[in-house]
Amino acid sequence: MPFKEDKRDPTHVPLITPPNLPIEIKRENEFGTLTSKTYLHQVKSFEGKEIPDPVIDTPPYYISIITYVNYLILIIFGHVHDFLGIRFQKNKYTDLIEKDGMAPWYSVLESFYVRRLKKRIDDCFSRPATGVPGRFITCINRVSHKFNEYFTYPGTTRMCLNLSSYNYLGFAQSEGKCTDYAIKTVEKYGINPGGPRTQIGTTDLHREAERLIARFVGKEDAMLFSMGYGTNANFFNAFLDSKCLIISDELNHTSIRTGVRLSGATVRVFKHGDMKGLEKLIREQIVLGQPKTNRPWKKILICVEGLFSMEGTLCNLPKLIELKKKYKCYLYVDEAHSIGAIGPNGRGVCDLFGVDPNDIDILMGTLTKSFGAAGGYIACDKWIIDRLRLDLTTPNYAEPMPAPVLAQIISSLKIIIGDINPGEGQERLQRIAFNSRYLRLGLQRLGFIVYGNADSPVIPMLLYCPSKMPAFSRIMLQRNIAVVIVAYPATPLIESRVRFCMSASLTKEDIDYVLRHVNEVGEMLNLKLNSGKSSWDGKVQRWDIEEVIKRTPEDCKDDKYFVC
């Protein structure tokens, strides 16, 4: 099918990826051209002020009851199916029954959720894609067989509007300054005819990237890791021991939980965002001391995320710093989702709250989301980094970052800072700020329950009933929109959701297209459950889709329309 760009219809989305695209169209598919300067928003700093407690909207009671009944029916029928199948169709349950004196691979209960609930909607997860995940993403079509027992691939693709990738600033591009710099770096450091052989270990690129990251986040020094998950999973083991205490937010990422377990330190958990509960817990633990010996803790580390990826909420950084100073604790902030995408200058939650980064002991972040690269970093005082270089397992035993990835990190950081193409980085930051606010307020005014802070590029929209997860995902795919659905155990059982991941690469017209189709699908699936508690004036905001598209772009720039 030949590709024709329809400029008359702003909701037009091409259905397949055409071969041999002209460079201009290719760039447009990866990063949309800004259609108006009015579709930009400059984020303002909170200037050290605390954010209000989050206002959580809840659905009517009948929705919660129906959700529980849905799960109950699925569980009952699943167990009945297992009971009959194990007895009368043993050839289909070989991994669950003893055979030839060998124990089964799994117990019936252990594997029940995966087999009877998750597997039925596996076609909505891990959809294969190809090419650049920019403004559009090319999904590879697949056909499900036997309730997702296996898939076949007809060899066709579908081009979808991309709201599923962590491409916050739109640096996932195959054309542009970052790509050019990466290619030059490969020519210099990689294997090529007439060029030097590949360098392994630490190079000048590693040192330049670390210096640039430290400068960007406002710390003395930084240390690079080749994997973001491994950054968290291995840090705590080097910094803490069994005589230390970690006080962790209940919604911290699994990488933090893994690292905490490996460290051997004692762990105490506080309710998400509950600063009063956190202070009470700190006081109790200082009084009690270490288990058995009751001696004072060697270190107390408060561990939070800057932006929580499932909720779209921010940590209360000014209050955390106050508690940290008051009780002489260490403070660890994971900025995986906030660095680059949050704040007036993209420097994360410190930038947004207007606090001194030196008031935070350890800043961690990943380089996959806002920077279009890979890996992670730890930024803190130089004496901590010097100590980590000696015994932290990840950099000592893992592979070093390859040269083109380092080139992507360096060039994207320089664009954000303004060292390359002055003005481009600021425009990207203003675009994602506008896009995030526009989609969030638009969904709220249409009647959906949406979690999170106004400036968050992660926008969770609640679905609740388990049957609505696959329905929403499949219908949106048919309409050429790629979204992410999230279910238990990543969320509470009855709070399944679709998580829109906003990007600076999208245009206002793209978000109009999304709002129109989400509005239609929401009507079909009865998802408009907003009671008005989370709206700025406390009233139910049910607007017509045309009114939302016409009026919301101006309103979304006014902070009074947003509460956490």
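All of these numbers come straight from a predicted model, not from anything done at the bench.

A word on the confidence of the model for the protein
Atomic detail in the predicted coordinates should be set aside for any region of low pLDDT.
Line of reasoning, step 1. Mean pLDDT over the protein stands at 88; residues scoring 70 or higher make up 91%.
Line of reasoning, step 2. Of all secondary-structure elements in the protein, the lowest mean pLDDT belongs to helix α12 (residues 393–397), at 74, while strand β10 (residues 330–334) reaches the highest, 97.
Line of reasoning, step 3. Here residues 191–199 is modelled with pLDDT under 50, and outside its nearest four sequence neighbours on either side it reaches 13 contacts, counting other chains as well.

Brief notes about the sheet that holds strand β1 (residues 129–130)
Line of reasoning, step 1. Ordered in space as β1-β2-β5-β14, the four strands form an open sheet in which the pairing is mixed. Lying at the two open borders of the sheet, with one neighbouring strand each, are β1 and β14 (481–482).
Line of reasoning, step 2. With five bridges connecting them, strand β2 (residues 136–140) and strand β5 (residues 157–162) associate as antiparallel partners. Bridging from a neighbouring strand, C139 pairs with R158 of β5.

What to know about the environment of S111
Line of reasoning, step 1. Its place among the elements puts S111 in the loop between α2 (61–88) and α3 (112–118).
Line of reasoning, step 2. Residue classification places S111 among the buried positions, given a relative accessible area of 9%.
Line of reasoning, step 3. A sequence separation of 15 residues divides S111 from L96, and the C-alpha atoms of the two residues are 8.8 Å apart.
Line of reasoning, step 4. Sequence-distant contacts of S111, that is, excluding residues within four places in its chain, are made with L96 and Y106.
Line of reasoning, step 5. A distance of 2.9 Å separates the side chain of S111 from the side chain of R115, its partner in a polar contact.

With respect to empty space enclosed by the protein
Line of reasoning, step 1. A full pass over the atoms with the stated rule returns six cavities of 30 Å³ or more.
Line of reasoning, step 2. By volume, the largest cavity amounts to about 120 Å³.
Line of reasoning, step 3. Lining the largest cavity are eleven residues, with I51, P52, P54, G273 and L314 positioned closest to its centre.
Line of reasoning, step 4. A per-class count over the lining of the largest cavity returns six nonpolar, four polar and one charged.

Some points on the nonpolar core
Grouped burial of nonpolar side chains is what soluble globular proteins tend to show.
Line of reasoning, step 1. One finds L317, L439, L443, M461, F472 and F500 to be the most contacted residues of the largest nonpolar core, which totals 114 residues.
Line of reasoning, step 2. The element best represented in this core is helix α14 (residues 424–446), accounting for nine residues.
Line of reasoning, step 3. Once you skip the residues sitting within four places of it in the chain, F500 turns out to touch L163, L439, L443, P457, V458, I459, M461, F472, V483, V514 and V518.

Describing helix α4 (residues 177–189)
Line of reasoning, step 1. With 13 residues, α4 should reach 18 Å at 1.5 Å per residue; the first-to-last C-alpha distance of 18 Å fits that figure.
Line of reasoning, step 2. For α4, the complete set of buried residues consists of C178, T179, A182, T185 and Y189. With its buried residues spanning 120° around the axis, α4 presents them on a single face.
Line of reasoning, step 3. Where α4 is buried, its residues contact α5 (204–217) and α13 (403–417).

Here's the deal with the layout of surface pockets
Line of reasoning, step 1. Of the volumes computed, that of the second largest pocket is approximately 640 Å³.
Line of reasoning, step 2. Lining the second largest pocket are 16 residues, and of these K92, Y93, R116, K119 and E149 lie nearest its centre.
Line of reasoning, step 3. At three residues, the largest contribution of residues to the lining of the second largest pocket is made by α3.
Line of reasoning, step 4. A breakdown of the residues in the lining of the second largest pocket according to their chemical character gives five nonpolar, three polar and eight charged.

Some points on a nonpolar patch on the surface
Line of reasoning, step 1. Together, Y61, I65, V69, L72, I73, I76, F77, V80, F83, L84 and F88 give the surface a local cluster of nonpolar side chains, amounting to about 1200 Å² of exposed area.
Line of reasoning, step 2. Tracing the backbone shows L84 in helix α2.

Observations concerning the pairing of strand β7 (residues 245–249)
Line of reasoning, step 1. With respect to burial, β7 is a largely interior element, five of its five residues being buried.
Line of reasoning, step 2. Here five bridges tie β7 to strand β8 (residues 266–270), and the two strands are oriented parallel to one another. Along β8, the bridge assignment pairs S248 with V269.
Line of reasoning, step 3. Read as a crossover between parallel neighbours, the route from β7 over helix α7 (residues 254–263) to β8 is right-handed.
Line of reasoning, step 4. As paired elements, β7 and strand β9 (residues 300–305) share four bridges and run parallel to each other. Counterpart to S248 in the pairing with β9 is C303.

Considering the side chain of D351
Line of reasoning, step 1. Here D351 shows up in helix α10 (residues 349–353).
Line of reasoning, step 2. Of the side chains with opposite charge, R347 comes closest to the buried, unpaired D351, at an N-O distance of 5.6 Å.
Line of reasoning, step 3. Only 3.4 Å separates the side chain of D351 from the backbone nitrogen of G346, close enough to count as a polar contact.

Concerning the packing of α4 against α5
Line of reasoning, step 1. Two numbers describe how α4 lies on α5: the axes approach to 12 Å, and their chain directions differ by 145°. Residues Y181, T185, K188 and Y189 of α4 lie in contact with α5, whose contacting residues are D204, L205 and E208.

What counts and what doesn't
Residues numbered from 1 in each chain as written. Predicted model: local features only at pLDDT ≥ 70, side-chain atom pairs only at ≥ 80, totals over all residues. Heavy atoms only, no water. pLDDT = per-residue confidence, 0-100. Helix = DSSP H or I, 4+ residues; strand = E, 2+ residues; numbered from the N terminus. Contact = heavy atoms within 4.5 Å. Pairing = 2+ DSSP bridges. Buried < 20%, exposed > 50% of the residue type's maximum accessible area, 1.4 Å probe, protein only. Polar contact = N/O pair within 3.5 Å; in protein donor to acceptor, adjacent residues only side chain to side chain. 1 Å grid on protein atoms, 1.4 Å probe; cavity = no way out; pocket = protein on both sides within 12 Å on 5 of 7 lines; lining within 4 Å. Points joined across faces, edges and corners; volume = space filled by probe spheres on them. Nonpolar A, V, L, I, M, F, W, Y, C, P; charged D, E, K, R; others polar. Core = buried A, V, L, I, M, F, W, Y, C linked by side-chain atoms within 4.5 Å. Expected span 1.5 Å × (residues − 1). Arc of directions from axis to C-beta. Patch = residues over 30% accessible without salt bridge, like charges linked within 9 Å, V, L, I, M, F, W, Y side chains within 5 Å. Areas by Shrake-Rupley, 256 points an atom, 1.4 Å probe, with all protein chains shown as cover. Salt bridge = Lys/Arg side-chain N within 4 Å of Asp/Glu carboxyl O. Right-handed = clockwise from strand over helix to strand, strands pointing away. Lys, Arg positive; Asp, Glu negative; His and termini not counted. Axes fitted to C-alpha atoms, helices over the stretch in contact; angles between N-to-C directions.

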